[in-house]
Amino acid sequence: MKSLWDEQQAAELGDDLLAVRVYTSRLLGREPSLVLHGGGNTSVKARVENLFGEAESVLYVKGSGWDLASIEKPGFAPVRLDVLHKMARLESLNDSDMVNAQRAAMLDPNAPNPSVEAILHAIIPFAFVDHTHADAVVTISNTADGEARLREIYGDDVLILPYIMPGFILARQVYEKTAGIDWSKLTGIVLMHHGLFTFADDGQESYENMIDLVSKAEAFLNERAPVKPATSTSASINLKQLAAMRRCVSAARGVPVLAQLDSEADAVDFSARPDVAEIACRGPLTPDHVIRTKRIAMIVGDDAEASVSAFSEDYHSYFKRNHNGALTCLDPAPRWGLWPRRGALSFGTTPGECRIIADISRHTMQAIARAEALGGWKTLPETDIFELEYWELEQAKLKKGGTVPEFQGKIALVTGAASGIGAACVESLLARGAVVAALDINAAITTRFPAASVLGIVCDMTDPDAIRRAVEACIHRFGGLDIIVSNAGVFPASNRIEQMDADLWQQSMLLNLTSHQRLMQETIPYLKLGIDPAMVIIASKNVPAPGPGAAAYSAAKAGLTQLARVAALELGGDGIRVNVLHPNAVFDTAIWTDEVLQKRAASYGLSVQDYKTNNVLKREVRSTHVAELASAMAGNVFACTTGAQLPVDGGNERVV
Ligand SMILES: [Zn+2]
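Residues numbered from 1 in each chain as written. Predicted model: local features only at pLDDT ≥ 70, side-chain atom pairs only at ≥ 80, totals over all residues. Heavy atoms only, no water.

Let us now look at the sheet that holds strand E8 (residues 258–262). Read from one edge of the open sheet, 4 strands run E8-E11-E10-E9, paired in mixed fashion. Either end of the sheet is taken by a strand with one partner, and the two such strands are E8 and strand E9 (298–299). Sheet strands touched by helix H15 (residues 351–373): E8, strand E10 (336–339) and strand E11 (343–348). Its angle to E11, the strand with the most contacts, is close to 145°. (Pairing = 2+ DSSP bridges. Helix = DSSP H or I, 4+ residues; strand = E, 2+ residues; numbered from the N terminus. Contact = heavy atoms within 4.5 Å. Axes fitted to C-alpha atoms, helices over the stretch in contact; angles between N-to-C directions.)

Further remarks concern the pattern of salt bridges. Evaluation of the coordinates by the stated rule reveals 30 salt bridges. Among the ionic pairs, Lys 185 bridges to Asp 182, the shortest N-O distance being 3.0 Å. The closest approach of N and O atoms between Asp 212 and Lys 216, which form a salt bridge, is 3.5 Å. With Asp 212 and Lys 216 both in helix H9 (residues 203–224) and 4 residues apart, this pair spans about one turn of that helix. Judged by relative accessible area, Lys 216 falls into the partly exposed class, the value being 35%. Each of Glu 91, Arg 172 and Glu 176 takes part in a single network of salt bridges with overlapping partners. (Salt bridge = Lys/Arg side-chain N within 4 Å of Asp/Glu carboxyl O. Buried < 20%, exposed > 50% of the residue type's maximum accessible area, 1.4 Å probe, protein only.)

Judged by nonpolar contacts, the single largest core of 60 residues is most densely connected at Met 245, Leu 413, Leu 481 and Met 535. Looking at this core, you find at least three residues from each of domain 2 (239–398) and domain 3 (411–586 + 622–648). For Leu 413, the residues in contact, after removing those within four places along its chain, are Ala 437, Leu 439, Val 471, Cys 474, Leu 481, Ile 483, Ile 484, Val 485 and Leu 519. Among the nonpolar cores identified, the runner-up in size contains 47 residues, and Met 106, Ile 124, Phe 126 and Leu 170 belong to it. (Core = buried A, V, L, I, M, F, W, Y, C linked by side-chain atoms within 4.5 Å. Domains from an automatic or database assignment.)

To continue, consider the coordination of the zinc ion. Metal coordination angles have textbook ideals: 109.5 degrees for a tetrahedral set of four donors and 90 or 180 degrees for an octahedral set of six. Bound to the zinc ion are the protein donor atoms His 131 (NE2), His 133 (NE2) and His 194 (NE2), situated 2.1 to 2.2 Å from the metal. When the donors of the zinc ion are listed by position in the chain, the intervening gaps give H-x1-H-x60-H. Of the two residues, His 131 sits in strand E4 (residues 128–132) while His 194 sits in the loop between strand E6 (188–191) and strand E7 (195–200), which places them 63 residues apart along the sequence. A residue is classified by how much of its surface remains accessible, and His 194, at 6% relative accessible area, is buried. (Donors = N, O, S within 2.8 Å, 3.2 Å for Na, K, Ca; no water.)

This part is about the packing of aromatic side chains. The way to describe two aromatic rings as a pair is by their centre distance and the angle between their planes. As enumerated under the stated definition, the model contains 12 aromatic pairs in all. For the pair Phe 126 and Phe 199, a centre-to-centre distance of 5.4 Å together with 15° between the ring planes defines the contact as stacked. In this pair, Phe 126 sits in the loop between helix H5 (118–123) and E4 while Phe 199 sits in strand E7, placing the two residues 73 residues apart along the sequence. Relative to Tyr 390, the ring of Phe 319 has its centre 5.4 Å away and its plane inclined at 50°; by these criteria the two rings are tilted. Of this pair, Phe 319 sits in helix H14 (residues 304–322) while Tyr 390 sits in the loop between helix H16 (382–389) and helix H17 (392–398), placing them 71 residues apart in sequence. Of the aromatic side chains, those joined through ring pairs into one cluster are Tyr 315, Tyr 318, Phe 319, Phe 386 and Tyr 390. (Phe/Tyr/Trp six-rings, centres within 6.5 Å; stacked < 30°, edge-to-face > 60°.)

Let us look at unusual backbone geometry. Phi is positive for His 193, close to 65°, though the residue is something other than glycine. Looking at the secondary structure, you find His 193 in the loop between E6 and E7. At Lys 294, a residue that is not glycine, the phi angle is positive and equals roughly 60°. With respect to the helices, strands and loops of the structure, Lys 294 is situated in the loop between helix H13 (290–293) and E9.

The 7 strands are arranged E3-E2-E1-E4-E7-E6-E5 in an open sheet whose pairing can be described as mixed. At either margin of the open sheet sits one strand with a lone partner, and together these are strand E3 (76–80) and strand E5 (158–161). The average undirected angle you get between the axes of adjacent strands in this sheet is 20°. Against the sheet, helix H2 (residues 17–29) touches strand E1 (41–49), strand E2 (55–62), E3 and E4, its axis set at about 175° to E1.

Taken domain by domain, the chain holds domain 1 (7–224), domain 2 (239–398) and domain 3 (411–586 + 622–648). The C-alpha-based centres of domain 2 and domain 3 are spaced at 36 Å. The interface is formed by 13 residues belonging to domain 2 together with 19 residues belonging to domain 3. Here domain 2 and domain 3 share an interface that buries about 1400 Å² over both sides, 65% of which is from carbon and sulfur atoms. If you sort the residues of domain 2 by the area they bury against domain 3, Leu 239, Arg 246 and Arg 247 come out on top, with a joint share of 38%. Across the contact surface, domain 2 and domain 3 share 1 salt bridge. (Buried area = accessible area lost by both parts, 1.4 Å probe.)

Across the 5 residues that make up E8, a large majority, 5, are buried. With burial as the criterion, each face of E8 is covered, one bearing Leu 258, Gln 260 and Asp 262 and the other bearing Ala 259 and Leu 261. Of the strand pairs in this sheet, E8 and E11 are connected by 5 bridges, and their pairing is antiparallel. Across the sheet, the residue bridging to Ala 259 is Phe 347, located in E11.

See the structure below:
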């Protein structure tokens with residue numbers, strides 16, 4: 001591992017200890033094989049002057065909720081050092097009392113909660129303390145002879161302590177085991193199955209010690225258990241099986257989840273190992289991963305739904321074996337899975353949660369493979385993992401305030417999504433927490449929306465193969481499909497029936513009617529496996545109130561409405577709702593070029609401005625109005641409505 005220390009950047013920090021602390025914390029945070037997603041913590045001890053002009057010794061320690069990669073000065077909680085030292089001398093202390101006492105000892109009551117490892121940082125008698133969950137060190141400690149190997153690597157420079165639950169008892173263990181020790185002879189402390197501490201009075205030295213100790217462990221691994229180049233490519237994916245599996249995992253978790261497949265060669269290699277079911281079910285890389293990934297992976301068998309049930313039953317047994325009577329069982333749904341010869345799956349309620357799970361499982365797979373090459377992956381017994389999974393301080397980390405967005409974990413597909421009503425529908429669905437496959441013939445669709453939540457797909461809706469590929473890409477990326485907004489359309493130039501251009505008529509029928517039927521045909525099998533599935537069909541006011549010169553458009557949209565009504569009848573038994581919107585005069589869309597607008601206005605003998613607000617409410621209808629109603633139709637408000645047609649037109653005198 002390379003040191004990222006940069007003399008020039010460091011020189012700018014001067015002798016501001018906290019600035020140095022921020023700098024080297026970020027260096028550690030930049031390296032995922034040291035810390036992942038909030039793992040690890042750092043501190044610095046300093047003398048500060050209080051309100052009364054008195055000097056006080058303070059421990060600035062990473063506050064919970066901050067990530068080392070992006071930490072800033074306010075991310076460090078200032079805690080009185082003498083109080084932490086006194087706490088270390090207590091015989092026992094429960095962790096909630098510890099957290100309260102630490103908060104009470106803070107110089108700044110608005111600072112974040114100090115790390116649960118604050119007391120441990122306090123008793124290490126150096127200004128700077130760095131703590132990581134370095135992959136290389138933890139991997140070696142997770143082998144049968146792990147402790148002996150670490151002694152072989154580090155000699156007497158490093159104190160190696162057995163695993164113990166983090167929090168007060170860990171601080172207490174370090175306090176007892178280091179009483180009377182000559183600290184000047186130590187460069188670090190390894191906590192078995194957990195991580196590594198380094199320390200020094202100088203920020204650079206403490207950081208470099210970390211890099212040095214981790215590099216030694218990496219060199220050892222590279223020699224004895226080198227990473228093998230990945231070779232596999234993913235076997236074909238049964239997308240219906242994937243969607244069925246995602247629905248089962250959602251049911252077990254009690255909320256909709258996404259299912260994202262990591263089919264990089266190394267993940268496929270790992271999933272294809274003949275011993276995968278055995279080695280992936282021994283335990284996590286470090287115990288604190290349990291709150292993100294649960295203790296073990298789900299192994300996907302031939303019957304994906306049965307695999308989810310088996311995982312859940314196994315989780316219930318694990319809970320029964322380990323709980324003390326006062327705990328409530330958490331949801332029994334897997335967070336990650338291994339699909340033999342396909343790769344690794346992550347199940348999260350958001351793309352962000354999926355990414356965290358995927359990162360952790362990626363590091364876990366590599367650690368397991370290397371530990372196996374080194375003689376055998378050996379994790380902590382399940383009692384230790386359970387203790388951490390149900391530790392109130394860990395559970396608190398998962399509880400975030402605020403309400404859950406209505407469509408969190410749900411997967412939508414919108415056509416004609418690059419502009420106008422379609423783009424507004426994507427925005428509206430995103431704002432409600434959904435992820436979206438956004439289809440459009442315009443190539444700009446691939447970069448139009450945020451990449452983590454939206455899969456932009458270039459798709460010509462008149463090409464049945466392109467529709468099928470787009471739907472499959474959506475399932476492959478997100479794991480299923482729950483909401484369709486069938487919006488793509490074209491508004492042909494005004495053409496009276498007796499002069500009808502055959503191509504114009506055909507083009508309108510193809511895009512405004514036939515493409516919607518083809519989209520239904522491709523998506524219905526997946527909607528049947530979706531969660532509270534719904535289709536919203538964007539038709540037109542032209543259906544109840546057609547206009548002269550718009551035969552090609554009106555006839556196609558009337559056909560589309562009839563198609564939707566039949567779909568409502570055919571799909572109701574599967575719980576799929578199909579409803580229709582009839583927008584009118586939505587001018588912020590691609591259809592309404594200035595030319596079309598002027599022609600339509602003239603045909604009614606109106607100015608463009610009067611034409612825009614030519615409705616009962618005298619109000620201009622915007623694409624966001626249509627999008628908000630489309631989202632509502634896909635949601636709970638319309639839970640008992642199907643086959644309905646709603647206008648969104650400001651009120652039309654010919655229809656009301
Ligand atoms: Zn730790």
